[in-house]
Amino acid sequence: MSLREPSVRYVVLSCILLGAAASTVGVFGFLRKRSLVGETVAHSMLPGIGLAFILSGSRDPLFLVTGAVITGWMSMGFMNWLIKKGPIKVDLALAITLTGFFAIGIGLMTFIQRGSFGDHSGLDHYIFGRAAAMDPKDIKVFGGLAVFVFVSVLLLFKEFMGLCFNREYLSVLGLPVRFLEFAISFLTILAISSGIKAVGIVLMAALMIIPAAAARYWTGSLRVLVALSVAFGVTAGILGAYISFQARSLPTGPFIVIVLAVITAVSVIFAPERGLFSRWSKRRRLKRRVLAENFVKEVYQIVEFGKERNRSITKSEFLTHFHYNTRSFIRSLRLSVSKGWILPAVDGMKLSQKGFAKGEELNRLHRLWEIYLARKAQTPLEKVHHSAEIIEHILTPELEAEIRLELDLCDNFSPQNEIHIKA
Amino acid sequence: MKKIFLLLALIALFFGCKNEQAQTKSNSILTTTSILGDIIRNMVPEEIEVINLMGPGTDPHLYKASPSDYVHIREAQFIVLSGLHLEGKMAEVILGLDGEKKVKELTSSMTTEQIINSDGFADGHDPHVWMDVEIVRWCVLKLKTDLIKWFPEHRKAINERSEAYILKLGRLNREVLSILNEVPAERRIIVTSHDALNYFARAYQYEVRSLQGFSTAAEFGLKDVTALVDFIIDRKVPAIFVENIVSDQALKAVQAACQERGFEVALGGSLFTDALGNENTKANTYEGMIRANAITISHALKN
Amino acid sequence: MDAVFIILTGTLVAWLCGILGVFIVLRKLSMLGDAISHAVLPGIVIAYLISGDRSSPLLFMGAALFGVAVTVLIEFLNKKAAMQSDASVGTSFTLFFSIGIILVSLLASRVDIDADCVLHGEIGLVPFDRIVTNGIDFGPRQLWIIGVSFIVVTIVLIWAYKGLYLTSFNSEFAASLGVGIAGWHYLLMSSVSLATVVSFEAVGAILVVGFLVIPPASAWLWSRRLNEMIVLTLIMGLVSSVCGYYLAVLLDSSIAATMCVVALIQFVISFLINPRHGVLKRWIYKAHLSPHKPI
């Protein structure tokens, strides 16, 4: 994609600037769980366009955009009023506002159509642009927008974040909450109206939702969230333009959305910690650890029972004490061996040094938890075992220390001396 | 509280149930587009009323009917549509009324050679037939027979007026041809944002390039824009044209790109494609519209 | 008679969408109607490509299929991928819609596919489009379609009432009881998709989204129980339809839009005056508590 081609330059530059500005503003919407405000406000601009046309008699985009901004602003006010004054939740307020204002808009359009206002068709098409048709004017507009948004966000970062998470705290601190709300709303309207004029409703809505949603998978830090959202928005702008440039009839805006969707898919699946793959492998690791731990604990119990630490146990002997089918036996054995807890022996298996310690630890934690439940939580004795079977795997040393403190146990607490009830 | 609402609603419904005797208008023709309305108006005498659903400046693709329009449809005995699915869903529904009412499409008499198809889709006919005056003459000639069948008592008047109109359109066609022929062959390129001029191009030996196809839902992409810019610069197109019902955002962007590459292409003016112009303009009649388009195109391209 | 048919159709759409909308609103998925209206585009385009015919029933099926598909995606993002619900909805429908636009542009760019045809039905045209066989006029086609849909959905909802009730109000409790939450959810989502697509063709997207959300919202403000909420939704839908039609005739404006606006007015009034949450009530209450007056 040649940047020497002026149209390409217009589109790519505009998309970068708009993408950056929109994603930033979108983060706040996302954090306040009102991402769809872009969609709502965009639809609410229709009556404003109609009114502006009726009052001014012209299709000059300046008038139309002004009208659009006014009703867009009103719609945000209406929506906020519903949320603030009533038990109406955000999603409901958005839906009601969107439908109500849009219906009024359509009513106005029909009215315009009936009168002899002259060339009135496609008024909304004057407002809802297409990404591929950017020109140098747009670059200037978006440049200005991006600067304005970034400066505002930089200056008021903490305050905006506070507004998203803890309004009451801000007002207690004496900060002008109303003004901050106004500022965020203003930035949102500004972004939406300039964005829609260039790229249309759906792309604008997408730019305000998807980058933040995708970025959220990668971080819990707010600064990183904003930075990543911007990165995603800009990348999607560039890649989307690139793809749409490959052949005829490939619309630019929709491809930007597709790129955003791909970024989201990658984030959803591969992000560390919050991604699906990461969660799946954590679960898998946990499962395997639990299997191995259970196995080594059971071997320990057999060995300990006979007080012979180095005794080796045959498979059949093991199976008389514990119920395993062949597959799960082999699997658990393998896992325990791979963790170094079980060693193959002449006639079966035996515990390694580590294995013995592990088994002892598990046993101890199990008994500890049982005592804790029995004494502190008044759990009936029949139920404590089942819970301990689970909890023994996740008690950390710190937690163990705390529990011992709670129970007033001395340091060389030995589980043998306490009651152990098997379910 | 609930009971009050319910009562109110039932009362209102009751009023609606009173059998309204719909009047039928036997002495009027209902037409859809403003262009069609003007054409029909020229074919029938004063005694027959011509009611037009879409006023000037209304894009047929975006038209939304209102209750009074439905009353018109209900009351009408004779309806003329433009045809080739121009009016969308409304056309389908109105065609379904053929039988209890008399419904005719202007384009129904066209042959398959006359109709311009889009590639690959049998159903995809270009409906902008009125951009070719000869086709309109043909259709008027054929439609005259139907109108006479509808209004036998006005046979003479319809015949006279229609024939006169056909002659008038013939003169218009010659006039338009001479205006358009003033443009040298290599400059006969019309660039617009939307594909409405295929019939025009075929009839008057022009080439048409647009950014977007017929559909309002389809979108052009970056490559389409750069291809158009290349085309304009390659062929040294003097001017590009906006349509009266479509936004000029795209064309302005194309113009800016051309300018940056060193080629000045002018915005040649506004063309009337899907609807007549305002009452105070010359493009308020079909003839006026065609003539205005021809003058706009010729003026912009020949210099 | 035309008026009656239009009002009846409007009322049935209000009822069809309203009873489903009650659950949608309670589950905090109010933007779903708008999302579906955008998401069905690719379904329509693909169906058109296959059938080559603008008025094929395949278009409806394509739309319905994608309507359900988008709810599946939303659910996946929300539950499995732990994305907040508003972002799930937004991501899903913008993606689907964009795919639709690309398809239209690529494959049908030379054709007036007029996706609007299927989405922006016109309620005013309902009386003209009739089922006539063997010389017998059975009445408006859309009225029949919506009527049958309404009956089917009502039966389904009666059967599913307990499950939906539980999973709408307290899903954790339902889960602990072993109730299949996902099952009820998909049943509801499929019903909504089908009902909305059917209604789009009859009355257009704006009215469907409006009836899905606004009367239930108004009803919710007044009611304490679910069955009250449903009954009130039905009543308010009826009022919106009737008053909306006559107001539209008076103003000579779009019928569907006016019905929506009437529903909105009902909502605003409810918002202001209802006894439990009403704004005016609390404002008056606050005034009474002002320090100048002895209590």
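Above this text is the structure in question.
Worth saying up front: this structure is predicted, and the values here are computed from it rather than measured. (Residues numbered from 1 in each chain as written. Chains lettered and ligands numbered in written order. Predicted model: local features only at pLDDT ≥ 70, side-chain atom pairs only at ≥ 80, totals over all residues. Heavy atoms only, no water.)

*Asks:* Sorry if this is basic, but what is going on with the pattern of salt bridges here?
*Replies:* Where charged atoms from two side chains of opposite charge come close, those side chains can pair. In the structure shown here, the tally under the stated rule is 27 salt bridges over all chains. Between Glu175 of chain B and Arg291 of chain B there is a salt bridge, with the nearest N and O atoms lying 2.9 Å from each other. A residue pair is termed long-range when its members are at least 10 positions apart, and Glu175 of chain B in helix H6 (residues 155–181) and Arg291 of chain B in helix H10 (residues 286–302) qualify at 116 residues. A salt bridge links Asp129 of chain C to Arg141 of chain C; its shortest N-O distance comes to 3.0 Å. Of this pair, Asp129 of chain C sits in the loop between helix H6 (116–119) and strand E1 (130–133) while Arg141 of chain C sits in helix H7 (residues 141–169), placing them 12 residues apart in sequence. (Salt bridge = Lys/Arg side-chain N within 4 Å of Asp/Glu carboxyl O. Helix = DSSP H or I, 4+ residues; strand = E, 2+ residues; numbered from the N terminus.)

*Asks:* I keep staring at the nonpolar core and nothing clicks. Help me out?
*Replies:* In this structure, Ile96 of chain A, Ile73, Ile232 and Val254 of chain B together with Phe267 of chain C are the most contacted members of the largest nonpolar core, which totals 227 residues. Per-element tally for this core: the top contributor is helix H1 (residues 2–26) of chain C, with 16 residues. In this view, Val254 of chain B contacts Leu211, Val225, Leu228, Val229, Ile232 and Ile240 of chain B; residues no more than four positions away in its chain are not counted. Of all hydrophobic cores here, the second largest spans 60 residues; its members include Val44, Trp130, Ile135 and Ala283 of chain B. (Core = buried A, V, L, I, M, F, W, Y, C linked by side-chain atoms within 4.5 Å. Buried < 20%, exposed > 50% of the residue type's maximum accessible area, 1.4 Å probe, protein only. Contact = heavy atoms within 4.5 Å.)

*Asks:* Explain the pairing of strand E4 (residues 102–105) of chain B here, please?
*Replies:* For a regular strand, side chains alternate in direction, first toward one face of the sheet and then toward the other. Residues and elements named next belong to chain B. The sheet contact formed by strand E3 (residues 76–81) and E4 spans 4 bridges and is parallel. Among the inter-strand pairings, Ile79 is bridged to a residue of E4, identified as Val103. Crossover E3 to E4 through helix H4 (residues 89–95) is right-handed. (Pairing = 2+ DSSP bridges. Right-handed = clockwise from strand over helix to strand, strands pointing away.)

*Asks:* Sorry, what's going on with the packing of helix H7 (residues 157–165) of chain A against helix H9 (residues 177–199) of chain A here?
*Replies:* Geometrically, a packed helix pair is captured by the angle between its two axes and the distance between the axes. Residues and elements named next belong to chain A. At their nearest, the axes of H7 and H9 sit 10 Å apart, and the two run at 100 degrees to each other. One finds that H7 runs roughly perpendicular with respect to H9. Contacts between H7 and H9 involve Glu159, Phe160 and Leu163 from the former and Val177, Leu180, Glu181, Ala183, Ile184 and Leu187 from the latter. When grouped by side-chain class, the residues that make up the contact of H7 with H9 number 7 nonpolar, no polar and 2 charged. (Axes fitted to C-alpha atoms, helices over the stretch in contact; angles between N-to-C directions. Parallel < 35°, antiparallel > 145°, perpendicular 65-115°, else oblique. Nonpolar A, V, L, I, M, F, W, Y, C, P; charged D, E, K, R; others polar.)

*Asks:* So what exactly am I meant to see when it comes to the interface of chain A and chain B here?
*Replies:* For an interface, size is often stated in terms of accessible area lost upon the parts coming together. Taken together, the contact pairs 44 residues of chain A with 40 residues of chain B. In this assembly, chain A packs against chain B so that about 3300 Å² is buried in total across both faces, 53% of it on carbon and sulfur atoms. Inspection of the region where chain A meets chain B yields 3 salt bridges. Glu5 of chain A is the partner of Arg261 of chain B in a salt bridge, and the nearest nitrogen-oxygen pair spans 2.9 Å. On inspection of chain A and its partner chain B, the count reaches 8 residue pairs in polar contact (both at pLDDT 80 or more). Mapped onto the side of chain A that touches chain B, the elements with two or more residues apiece are helix H1 (6–31), helix H4 (90–114), helix H5 (123–127), helix H6 (136–155), H9, helix H11 (222–244) and helix H12 (252–270) of chain A. For the side of chain A that touches chain B, the element with the most residues is H1 of chain A, which contributes 6 residues. Partitioned by chemical class, the residues of the side of chain A that touches chain B number 19 nonpolar, 15 polar and 10 charged. (Buried area = accessible area lost by both parts, 1.4 Å probe. Polar contact = N/O pair within 3.5 Å; in protein donor to acceptor, adjacent residues only side chain to side chain.)

*Asks:* I would appreciate a short explanation of the packing of aromatic side chains in the present structure.
*Replies:* The geometry of an aromatic ring pair is captured by the separation of the ring centres together with the interplanar angle, meaning the angle of the planes. Applying the stated criterion to the full structure yields 31 aromatic pairs over all chains. Where Phe28 of chain A meets Phe160 of chain A, the ring centres are 5.1 Å apart and the plane angle is 70 degrees; that geometry is what we call edge-to-face. Residue Phe28 of chain A is located in helix H1, and its partner Phe160 of chain A is located in helix H7; the two are separated by 132 residues in the primary sequence. With 6.2 Å between their ring centres and 75 degrees between their planes, Phe148 of chain A and Phe186 of chain A make a pair best called edge-to-face. One end of the pair, Phe148 of chain A, is in helix H6; the other, Phe186 of chain A, is in helix H9, with 38 residues separating them in the sequence. Overall, Phe148 of chain A belongs to the partly exposed group, its relative accessible area being 38%. Within the aromatic cluster, the residues linked to one another by ring pairs are Phe78, Trp81 and Phe101 of chain A together with Phe267 and Phe271 of chain C. The aromatic ring of Phe231 of chain B is capped on one face by Arg209 of chain B, whose charged end is 4.3 Å from the ring centroid. (Phe/Tyr/Trp six-rings, centres within 6.5 Å; stacked < 30°, edge-to-face > 60°. Lys NZ or Arg CZ within 6 Å of the ring centre and 35° of its normal.)

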